[in-house]
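Below are the chains, spelled out letter by letter.
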Amino acid sequence: MVRLQPRGKDGFIQKIRRGGWVLDVGCGNDSPAQFKKQRPDIVYVGIDVGDYNQTLDPTHYADEYILASPEGFAQAIAAFAGKCDAVVSAHNLEHCLDPDAVLESMLAAVKPGGRLYIAFPCEASIRFPQRDGSLNFYDDATHRLPPDYEKTLAQIESAGFHIEFARRRYRPWALFLMGLVLEPVSHVLKRTMPMYSTWAFYGFETIIWAERPL
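The rules behind the values
- Here, residues in each chain are numbered from 1, in the same order as that chain's written sequence.
- Local features in this predicted model are restricted to residues of pLDDT 70 or higher, and side-chain atom pairs are both shown and tallied only at a pLDDT of 80 or more, whereas totals for entire chains, interfaces and linings draw on every residue.
- Neither water nor hydrogens contribute to the side-chain values; these are computed over all heavy atoms in the structure.
- We place a 1 Å grid over just the protein atoms. Points where a 1.4 Å probe fits but has no way out form a cavity, open points with protein on both sides within 12 Å along at least 5 of 7 lines form a pocket, and any residue with an atom within 4 Å of a point lines it.
- Grid points are joined across faces, edges and corners, and a volume is the space filled by probe spheres set on the points.
- Only Asp, Glu, Lys and Arg are considered charged in this grouping, and only Ala, Val, Leu, Ile, Met, Phe, Trp, Tyr, Cys and Pro are considered nonpolar; every other residue, Gly among them, is considered polar.
- By nonpolar core we mean a set of buried residues, namely Ala, Val, Leu, Ile, Met, Phe, Trp, Tyr and Cys, connected to one another through side-chain atoms within 4.5 Å.
- Only protein chains enter the area calculation, which uses a 1.4 Å probe; residues under 20% of their type maximum are buried, those over 50% are exposed, and those in between are partly exposed.
- Strands are runs of DSSP state E lasting at least 2 residues, helices are runs of H or I lasting at least 4, and numbering of each runs from the N terminus.
- Residues count as neighbours in contact if any of their non-hydrogen atoms are within 4.5 Å of one another.

Peer 1: Can you break down empty space enclosed by the protein residue by residue, with the values?
Peer 2: Summed over the entire model, instances satisfying the criterion amount to 1 cavity of 30 Å³ or more. Approximately 40 Å³ is the volume attributed to the largest cavity. Every residue along the wall of the largest cavity is listed here: Gln5, Tyr170, Pro172, Tyr196, Trp199, Ala200 and Glu205. Residues belonging to the lining of the largest cavity are distributed by class as follows: 5 nonpolar, 1 polar and 1 charged.

Here is the structure:
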């Protein structure tokens, strides 16, 4: 998937420094196992508000696994200020009660020379077709509001970060073409197609990579 989606989460994981200390914010969908299988060398801490879609026991993979309350989520992240070589937030901000406070805490957690990865549904997704597997923003009943792309970039930059990569609607070309070919099938079946190809065709994901300078 890294070659097909080089600026996706897997691509970011591959670029974390060897032995790096990583905070995964909103670590559902077997993210602890995904990280450790790709990068057993990293020190991995996952934090979430519940065991969301964990088919593999996260405590078997995470060096530390933390469950916080939704109301105390930003404060729990703030405990890691200045400690992280990398902070990852993949489809988390749109679920948060106070996404601005959560982002502020994530930015503070990145130490000089460290990096940040953020992905969330684009603002336009509120108008996308409804599909199983989530294409319209409100296909997921736990979504609150889509994060504002420009506001998010401004908050990151105001914290002193350099934006390495940012796309309001990420469309890696190979997966975009796959999604284009499979769109009639997706339309008929009312579900997204494999390998995130439907997401790539529509540009469902906003993706941001940033670095805190030394």
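Picking up where we left off.
Peer 1: Account for the nonpolar core, with residues named and values stated.
Peer 2: In terms of nonpolar packing, the biggest core is built from 31 residues, with Leu23 and Ile156 touching the most fellow members. Looking at this core, the element that brings in the most residues is helix α4 (residues 99–109), giving 5 residues. Aside from chain neighbours lying at most four places away, what touches leucine 23 is Val45, Ile47, Ile77, Phe80, Cys84, Ala86, Val87, Val88 and Ala109. Counting 19 residues, the second largest nonpolar core, distinct from the first, contains Ile13, Val88, Ala119 and Tyr170.

Peer 1: Summarise the layout of surface pockets; cite the residues concerned and give the values.
Peer 2: Each pocket or cavity is described by its volume, and for the largest pocket that value is around 1000 Å³. Lining the largest pocket are 38 residues, with Gly28, Asn29, Tyr52, Ala90 and His91 sitting closest to its centre. Broken down by secondary-structure element, the contributors of at least two residues to the lining of the largest pocket are α1 (9–15), α2 (31–38), β5 (110–121) and β7 (205–211). Here the residues of the lining of the largest pocket sort into 15 nonpolar, 15 polar and 8 charged. Its volume calculated, the second largest pocket comes out at about 230 Å³. Contributing to the lining of the second largest pocket are 13 residues, with Pro99, Asp100, Pro146, Pro147 and Asp148 lying nearest its centre.

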